[in-house]
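Here's the letter readout for the chains.
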Amino acid sequence: MIRSEALLDGLLIMLVDDDENICDAFGNLFKKKGWKASVFLDPAKALDDLAVNRSIYSAIVVDINMPGISGTEFLKLARDIAPFVPVVMITGHPSINIAVDAMKNGAIDFLTKPFEFDELVSAVERAVTKAKAYNLENAPYPFMSDEIGGRVKFRLEDKIKELSVLKAISDTLDNAEEKDAIFNGTMELAKTITNGEKSLVMLVEHGSKELVVHATAGYEGLDIIGKRFSAQIEPFKSVIEGRSQLKLSAGADEVSRILSGYTREGTNRHNLMTLVPLIINREVMVVLGVAGSEGRMSLTTDASALLLSLTTKASLKLANHALTENIFSSIIGVISSLINAIDARDTYTKDHSHRVTEYAVALARTMGCLQEVTDSILFAGPLHDIGKIGVRDDILLKRGSLTDEENALMKSHVTRGEEILRPLNLFESEKAIVLYHHERWDGDGYPNGFHKDEIPMTARIFSVADTFDAMTTTRPYRHALSFDVAKQEIAKCGNTQFDPLVVEALLDSEDFRDRN
Ligand SMILES: [Fe+2]
Ligand SMILES: [Fe+2]
């Protein structure tokens, strides 16, 4: 093969694409190489030019998708007019038929979008070099024969498999929001890439220096989730310390048998395994394992490269996920300390928020509410009085009765609370706890004076729990009531202040019996 720098100097490339931006980008790229480009947005004009100037062009780059004359038609005509000028086709989606068609019609190479600019440059270089070799013998670059077609088709199949795996990696991981969805997608793709039968995800615990099996795919009938391995033994030590992929033949040792899903004692010769690290914040946080039988599994360089693309993308996705989770839990942490601060301002209401939440959960469970209701209570319950942060101490801690103005300020804690928590985008059922826990069944509550079903369920439950706790803790103006007395008091207000169903749950529940 002829390849010299001189051969590739000062090329003139004909660029045919109806997209002006693409032509500009390619044109600039060629300029950087010291090449020149003649740009044609209209393929018919390009053919006219080629008829006159066929000898000046080194190569043609043409998009297969163009209005008027299609890329394939253009290719046929161009090869008639200028058989010595090699044509590189650019196709949209990786389709084996289109690619083979392009080659049969005389394209010297093809690129599938999206591609790196470097790939285009090397495709043009290869095209010019190859065509020159034929031109020296005064022959045009040949059309693909069926025999060559078979071989090219084989190569193309590999290339297309690679492209479709890369596309599947993007599609699967772009859509996976939860950590386990990321892991499941990664395990399935790892099996596809290697023709493996089993895949697992192990989390690396740097504290205990152990790996723990977190998720598996294909280990039917074998429950290995939760299984632990020392990170200081092989093969894990090399993967974690060396931060690189390891290919191994499964042995008869325990680790091999577990990873390859080999159930019987004895030899385990016919299984292959590979372990790939997922690196997050410069540390190996996860190890992906894939195993399969020797005859089927393919651990070629191509497969390894694809596994690397897969784990790099999965690591990024996990890093983003961990970041959002951290931000979220630190917000919750800040809010919890605010709540403790509020409860601490008033010794009588110490731990009020947490107790009320506990009571509300007990009521929701007795009522047979959906898990979502309990979850909302658990999350937003401790925050229900957060708006009291804006109420002055002399009002919040006042022993006598409040003036109208003070009362209005005190009542505003529900709307203030909702405003404080707005940036957290709470669910409606969570927001309702903060905003409506002082609404009354008969419509006499605040802030909106909602009636009965207008009050969301979580708030109706919370209102009973809140009042029950107020009655059963000692206040400056009276001693705590016993649970039984408090229940009787609340029962009197079923249908006026409270939802009778919630009151019923309070009377039925085992959790509200007097403790002495
Ligand atoms: Fe309140
Ligand atoms: Fe409260």
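From a predicted model like this one, the values you see are computed outputs, not experimental measurements.

Moving on, we get to the nonpolar core. Core analysis: the largest hydrophobic core is formed by 28 residues, its most contacted members being I169, I193, V201, L288, L310 and L318. Residue assignment for this core shows that the elements contributing at least two residues are helix 6 (146-175), helix 7 (179-194), strand 7 (210-217), strand 10 (271-280), strand 11 (283-293) and helix 10 (301-345). When sequence neighbours within four positions are dropped, the list of residues in contact with I193 reads K161, V165, I169, A303, L306, L307 and L310. Grouped together as the second largest cluster of nonpolar side chains are 26 residues, I433, F468, M471 and I490 included.

Protein-derived ligands of the iron ion (ligand 1) are D385 (OD), H413 (NE2), H437 (NE2) and H438 (NE2), with the metal-ligand distances lying across 2.1 to 2.3 Å. Considered as a linear motif, the donors of the iron ion (ligand 1) on their single chain read D-x27-H-x23-H-H. Between the iron ion (ligand 1) and the iron ion (ligand 2) the interatomic distance comes to 3.6 Å, and D385 is a ligand of both metals.

This part covers the coordination of the iron ion (ligand 2). For the iron ion (ligand 2), every protein donor is listed as H352 (NE2), H384 (NE2), D385 (OD) and D466 (OD), and the spread of their distances is 2.3 to 2.4 Å. Relative to the metal, the four donor atoms surrounding the iron ion (ligand 2) lie at angles of 74 to 171°, and the coordination shape comes out irregular. In primary-sequence terms, the residues that donate to the iron ion (ligand 2) follow H-x31-H-D-x80-D. According to the relative accessible area criterion, D385 is buried, its value standing at 5%.

Below, the discussion takes up the environment of R416. On the secondary structure map, R416 appears in helix 15 (residues 413-421). If near-sequence neighbours (up to four positions away) are discounted, R416 is found in contact with G387, G390 and L409.

Here we take up the packing of helix 11 (residues 352-366) against helix 12 (residues 371-380). Two numbers describe how helix 11 lies on helix 12: the axes approach to 9 Å, and their chain directions differ by 175°. If you check the angle between helix 11 and helix 12, you find them roughly antiparallel. Where helix 11 approaches helix 12, its residues T357, A360, V361, A364 and R365 are matched on the opposing element by V373, T374, I377 and L378. Residue classes in the contact of helix 11 with helix 12 are distributed as six nonpolar, two polar and one charged.

According to the domain assignment, the protein chain consists of domain 1 (6-144), domain 2 (179-323) and domain 3 (346-512). Summarising the inter-unit geometry, the C-alpha centres of domain 1 and domain 3 are found 73 Å apart.

Along the chain, S58 turns up in the loop between helix 2 (43-53) and strand 3 (59-63). Take S58: its relative accessible area is 19%, and that puts it in the buried class. Residue contacts for S58: discarding those within four places in its chain leaves L11, L12, V85, P86 and V128.

What counts and how
Residues numbered from 1 in each chain as written. Chains lettered and ligands numbered in written order. Predicted model: local features only at pLDDT ≥ 70, side-chain atom pairs only at ≥ 80, totals over all residues. Heavy atoms only, no water. Core = buried A, V, L, I, M, F, W, Y, C linked by side-chain atoms within 4.5 Å. Buried < 20%, exposed > 50% of the residue type's maximum accessible area, 1.4 Å probe, protein only. Helix = DSSP H or I, 4+ residues; strand = E, 2+ residues; numbered from the N terminus. Contact = heavy atoms within 4.5 Å. Donors = N, O, S within 2.8 Å, 3.2 Å for Na, K, Ca; no water. Tetrahedral: all angles 85-135°; square planar, octahedral: opposite > 155°, others 65-115°. Axes fitted to C-alpha atoms, helices over the stretch in contact; angles between N-to-C directions. Parallel < 35°, antiparallel > 145°, perpendicular 65-115°, else oblique. Nonpolar A, V, L, I, M, F, W, Y, C, P; charged D, E, K, R; others polar. Domains from an automatic or database assignment.

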